[in-house]
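Chain and residue survey
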Amino acid sequence: MKPAHPKSLAAAIRHQLQRDEADMVAFASDLIRIPSENPPGRAYARCARLIASRLRELGLSVRTLNPSGVGPCVSGTFGEGGRTLYFSGHYDVVPAQDRAQFDPVVRKRNLHGRGSADMKGGIAAMAFAVRALIACGFEPKGRLVSMSVPDEETSGPNGTVALAAAGLLERDSLGMLTMEPTSGVVWNANRGVLSMRVVVRGRPAHVGLHFRGVNAFRGMLTVAGMFADLEKAVSERRTAFNISPEAARRSVLLLGGEMAGGHNFNVVPECVSFTLDRRPNPEEDFDAEREALFDIVKRAQASGIDCEAELFQEGRSAATDADGDLGRALASSIRGVTGRSARFELCPGVLETRHYAALGIPALAYGPGLLSVSHGPHEFVAVDKLLECAEVYALTAMRLLSQDHGAFRPGRARRLH
Ligand SMILES: [Zn+2]
């Protein structure tokens, strides 16, 4: 096929996607039917097999990489040589509230089901974006790699983390785009995360012999009070990155998301535990914030309270400049397809973009779903948004893979602190 003029190529891509709508929805629906719930990390192999066979049918050259041994990652490539642009999507989903969520259904042009928005719909959109480029005869200067990974929902070690650790992500790549449910904005930065469980121990005794006991609940009040003081100080700090509403600018320390302890109303409690979830803003010094948490535990121990802390989740903040080539290509594609200017915001949660940013690869999130429905019982994605996003992905890839990469300006991607 002859390479088309960019304008007519863009029109051909839109046409192709419209023709493929039913197949794209069918692919997303087939993915939704596989209950790849995480935790615990179910049905990864089935999901990966389906994605591999569908990408192969769509004309990509497919490899299944399994660096951890239990987390198959499917890499589908279009193009040869040169530098790589990654599309990355996770195929694990949060557990269903209702088994009916694994029976996808389209109502009023919305596809309902677990993972429709987060982010099996996005995986289908990226696959058909590549398919449209292939079908329209686009000749890339470089490679477009569609990467499908597990283990994102628990920040687990078996997906992107394992790919990065095994050296399977190319540092010299053009960028990474992920399909998280961004509700229409682009996320170019994310907060860090430090999730901790604090356990306070005492000695049990019957209420009548209370003087023989040590009350773990009293100890917890003291330790939790110290964290509450920190929470107050932390919430005074505001990020300068875009995020709305205004209250979302505050740095975060969530206290007591999970609590446990005590056996009976008439027994001095022996053991009490509570969690805290610290989400430092990108501007805060991650290591200092980490230290501040452990410092409270040390001070409590020094005051005679028998307590210890376990950090069960840790991830650093990251950011990618909005005005690098990836950000500009994405922004002009969004403007071209939707007629609206792209808005770059700080993601309220953690993002896999951070693993790419840590390698110096510019990484952005933009997807068809709404964050507000994503982990809930009524998750859905609009079919028109799937089409719109697939077109944005295809045009972004077209822009980045049409240019001579000698002149490529990736824009800064950085792990912050
Ligand atoms: Zn997600």
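This write-up is about the structure you can find in this document. (Residues numbered from 1 in each chain as written. Predicted model: local features only at pLDDT ≥ 70, side-chain atom pairs only at ≥ 80, totals over all residues.)

1. Observations concerning helix 6 (residues 216–234)
Threshold: Numbering of helices and strands runs from the N terminus, with a helix taken as a DSSP run of H or I at least four residues long and a strand as a DSSP run of E at least two residues long. In this scheme, a helix's expected span is set at 1.5 Å multiplied by one less than its residue total. Exposure classes come from backbone-placed C-beta atoms, where a residue is buried if 20 or more other C-beta atoms lie within 10 Å of its own, exposed if 12 or fewer do, and partly exposed in between. This arc is taken over the directions from the axis of the helix to the C-beta atoms. Residues are treated as contacting if the C-beta atoms built from their backbones sit within 7 Å of each other.
End to end, helix 6 covers 27 Å across 19 residues, agreeing with the expected 27 Å (1.5 Å per residue, within 8%). Residues of helix 6 that are buried include every one of Ala216, Gly219, Met220, Val223, Ala224, Phe227 and Val234, and no others. End-on, the buried residues of helix 6 take up no more than an arc of 115 degrees, which puts them together on one face. Of the exposed residues in helix 6, those oriented more than 90 degrees away from the buried face are Gly225, Asp229, Lys232 and Ala233. Buried residues belonging to helix 6 abut strand 9 (193–201), strand 10 (252–261), strand 11 (271–279), helix 7 (286–302) and strand 12 (306–315).

2. A few points about the sheet that holds strand 11
Here is the rule: Two strands make a pair as long as DSSP finds a minimum of two bridges between them. In this description, a line fitted to the C-alpha atoms serves as the axis of each element, helices being fitted only across the stretch in contact, and the angle between N-to-C directions of two axes falls anywhere from 0 to 180 degrees.
Strand order across the open sheet formed by four strands is 10-11-9-12, with antiparallel pairing between neighbours. Each of the sheet's edge strands pairs with one partner strand only, and the pair in question is strand 10 and strand 12. If you compare each strand with its neighbour and ignore which way they point, the axes differ by 20 degrees on average. Sheet topology note: the strand 9/strand 11 ladder contains eight bridges and is antiparallel.

3. Focus: the nonpolar core
We apply this condition: The nonpolar core is taken to be a set of buried Ala, Val, Leu, Ile, Met, Phe, Trp, Tyr and Cys residues joined by way of C-beta atoms within 7 Å.
Ranked by size, the top nonpolar core spans 95 residues in total, and within it Ala125, Ala129, Leu133, Ala390 and Tyr393 carry the most contacts. Among residues more than four places away in sequence, those in contact with alanine 125 are Met24, Met179, Pro368, Leu386, Cys389, Ala390 and Tyr393. Met196, Met220, Val234 and Val272 belong to the second-largest nonpolar core, a separate cluster that totals 19 residues.

4. Some remarks on unusual backbone geometry
In this structure, the amide linkage connecting asparagine 38 to the following residue, proline 39, adopts the cis form with an omega of 0 degrees. Assignment of secondary structure puts proline 39 in the loop between helix 2 (21–33) and helix 3 (44–57). Looking along the chain, the bond that leaves serine 244 and enters proline 245 is cis, with omega of 0 degrees. Here proline 245 is to be found in the loop between helix 6 and strand 10. Phi is positive for alanine 43, which is not a glycine, with a value near 55 degrees. Note that alanine 43 resides in the loop between helix 2 and helix 3. Owing to 18 C-beta atoms within 10 Å, alanine 43 belongs among the partly exposed residues under this scheme. Phi angles above zero are rare outside glycine, and lysine 108 is one such case at about 50 degrees. Examined against the element boundaries, lysine 108 turns out to sit in the loop between strand 4 (105–107) and strand 5 (110–112).

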